[in-house]
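# Structural overview
Each chain is listed here by its residues.
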Amino acid sequence: MTTEMGHPRVILPEEQAPEGTQHCERCELFKQRNRIIWGEGNPESSLMLILDNPGAREDREGNPFLCGTRETLQLGMREAGMDIHAVYVTYLLKRRPIRAYNKPATRAACLSHLQLQLLQKQPSVLFGFGNAVAEALFPQQENATVKELRGNWHKFGGMPIGFTYHPLAVRRRPNLLRFFVEDLKALKEKWEEKTARE
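Small disclaimer: the values here were computed from a predicted structure and weren't measured. (Residues numbered from 1 in each chain as written. Predicted model: local features only at pLDDT ≥ 70, side-chain atom pairs only at ≥ 80, totals over all residues. Heavy atoms only, no water.)

## Here's the deal with the side chain of Arg150
Relative to the assigned elements, Arg150 resides in the loop between helix H4 (146–149) and strand E8 (154–156). A distance of 2.8 Å separates polar atoms of two side chains, one belonging to Arg150 and the other to Asp183. In this view, Arg150 contacts Phe163, Tyr165, Phe179, Glu182 and Asp183; residues no more than four positions away in its chain are not counted. (Helix = DSSP H or I, 4+ residues; strand = E, 2+ residues; numbered from the N terminus. Polar contact = N/O pair within 3.5 Å; in protein donor to acceptor, adjacent residues only side chain to side chain. Contact = heavy atoms within 4.5 Å.)

Next up, the structure:
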């Protein structure tokens, strides 16, 4: 764990991909030779956070590295009073893209992995970050954007799902941080409510 400006930055443990998925070749990202990142954090958590794709995992020297996406996510969670160690983070794409690729085809190919995770883990609450996740999960919905979806709860696979801005959008536009934290506070309330019922 490292610190910046007095705040803890946590490198969460990765969950190993299930047998049969480690060498997936369903999309063109396998040609970019990056390994599969199945998820990280608490694999038993009833809250699943969904980002678009993994960021950098190691720095140039090969040391564990916290990318800007995960750093900003952790900042927002701290501000919202959420326990970083209590959640499970996964990705729409299971490999980190390092150059241009066919986004619609890749997202469609990778969606089956996310559906497998949902089937296996049966989380109580889902939360998506950014337009790529919103568009992939609601392909038939017109205007499936964070701007349209945030502030309300929706259903995906029978599970409640909310949305907020992508952490990198918040990083680039600091004026979004207030809304980002508001959305995470609403997520915390929803998760606590669901947990209390179960």
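## As for the packing of aromatic side chains
One pass over the structure, following the stated rule, counts five aromatic pairs. Centre to centre, the rings of Phe127 and Trp153 are 6.1 Å apart; their planes meet at 50°, and the pair counts as tilted. Taken as a pair, Phe127 in strand E7 (residues 125–129) and Trp153 in the loop between H4 and E8 lie far apart in primary sequence, 26 residues in all. Arranged with centres 6.0 Å apart and planes meeting at 65°, the rings of Phe138 and Phe163 form a pair that is edge-to-face. In this pair, Phe138 sits in the loop between helix H3 (131–137) and H4 while Phe163 sits in strand E9 (residues 159–164), placing the two residues 25 residues apart along the sequence. Exposure remark for Phe163: the relative accessible area of 1% places this residue in the buried category. (Phe/Tyr/Trp six-rings, centres within 6.5 Å; stacked < 30°, edge-to-face > 60°. Buried < 20%, exposed > 50% of the residue type's maximum accessible area, 1.4 Å probe, protein only.)

## Things to note about the nonpolar core
Residues Leu137, Phe138 and Phe163 are the most contacted members of the largest nonpolar core, which totals 29 residues. Mapped by element, the contributors of at least two residues to this core are strand E5 (47–51), helix H2 (103–121), H3 and E9. Per element, the largest residue contribution to this core is five residues, and it comes from H2. Discounting residues that sit within four places of it in the chain, Phe138 has contacts with Ala144, Leu149, His154, Lys155, Phe156, Ile161 and Phe163. (Core = buried A, V, L, I, M, F, W, Y, C linked by side-chain atoms within 4.5 Å.)

Honestly, it's all geometry; don't read function into it.
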